[in-house]
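# Structural description and commentary
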Amino acid sequence: MNYSSGLGGAPNANGDTTTTRVAADPDTHQDFQPTSKISEMSFDDIVAQDIKEHPVVIYMKGYPDAPRCGFSALAVKILKLYGVPISARDILSDLKLKESVKAYSNWPTFPQVFIKGEFVGGSDIILSMHQKGELKDLLGDIAQEGEQNGSS
């Protein structure tokens, strides 16, 4: 990647154009070179893998221990009542992730909760299911698995 300082690489006072090379600098230690936090997988693949591998996934604003939205906080609070393991991703950290989740579920708002590979809904749906006792039925076997794995 080339970065030209000035307007359009205009010549400086000496008549030279000033171009700075910004790339993998061989003089920079590898700990300080730019890296990708996510593997070569596409965001669509990451979303599909999350939902396949984890019984409860929430795409939310913030993280379960530090939600950045009241609706996300409500969904996490309800899910925690059942003692199930929650896998979460912060959609505020990457717009591409946010767009991939919206495309996957065909739902525009967050948080988005997936249980056993299926899109369930947001905090309003989770709250309604909790109040009707439906969420207990849906999460029951996941909570039992968590208890068995934790006690063995």
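For the structure, check the block above.
Here's what I pulled together on the structure shown here. Every value quoted in this text rests on a predicted model; they were computed, and no experiment measured them.

### Section: the nonpolar core
Ranked by internal contacts, the top residues of the largest apolar core, which has 17 residues, are Val 113, Ile 115, Leu 135 and Leu 139. Of all the secondary-structure elements, those providing two or more residues to this core are β3 (56–60), α2 (70–80), β7 (112–115), α4 (123–132) and α5 (134–151). Element by element, the count of residues in this core is highest for α2, at four residues.

### Details of unusual backbone geometry
Residue Pro 111 is reached from Phe 110 by a cis peptide bond, and omega for that bond is 10°. Tracing the sequence through the fold places Pro 111 in the loop between α3 (95–105) and β7. Within the chain, Asn 106 stands out as a residue other than glycine whose phi angle is a positive 60°. Turning to its location among the elements, Asn 106 is positioned in the loop between α3 and β7. Of note, Lys 116 is a non-glycine position whose phi angle comes to about 55°, a positive value. In this fold, Lys 116 is placed in the loop between β7 and β8 (118–121).

### So, the packing of helix α1 (residues 43–53) against α3
A packed helix pair is summarised by two numbers, namely the angle formed by the two axes and the spacing between the axes. Where α1 contacts α3, the axes come no closer than 9 Å and their chain directions differ by 60°. As the angle between them shows, α1 and α3 are arranged oblique. Both α1 and α3 take part in a crossing whose hand is right-handed. Each of Phe 43, Asp 44, Val 47, Ala 48 and Ile 51 in α1 lies in contact with α3, whose residues at this interface are Lys 96, Leu 97, Ser 100, Val 101 and Tyr 104. Looking at side-chain class alone, the contact of α1 with α3 contains seven nonpolar, one polar and two charged residues.

Calculation rules
Residues numbered from 1 in each chain as written. Predicted model: local features only at pLDDT ≥ 70, side-chain atom pairs only at ≥ 80, totals over all residues. Heavy atoms only, no water. Core = buried A, V, L, I, M, F, W, Y, C linked by side-chain atoms within 4.5 Å. Buried < 20%, exposed > 50% of the residue type's maximum accessible area, 1.4 Å probe, protein only. Helix = DSSP H or I, 4+ residues; strand = E, 2+ residues; numbered from the N terminus. Axes fitted to C-alpha atoms, helices over the stretch in contact; angles between N-to-C directions. Parallel < 35°, antiparallel > 145°, perpendicular 65-115°, else oblique. Left-handed = near helix turned anticlockwise from the far one by under 90°. Contact = heavy atoms within 4.5 Å. Nonpolar A, V, L, I, M, F, W, Y, C, P; charged D, E, K, R; others polar.

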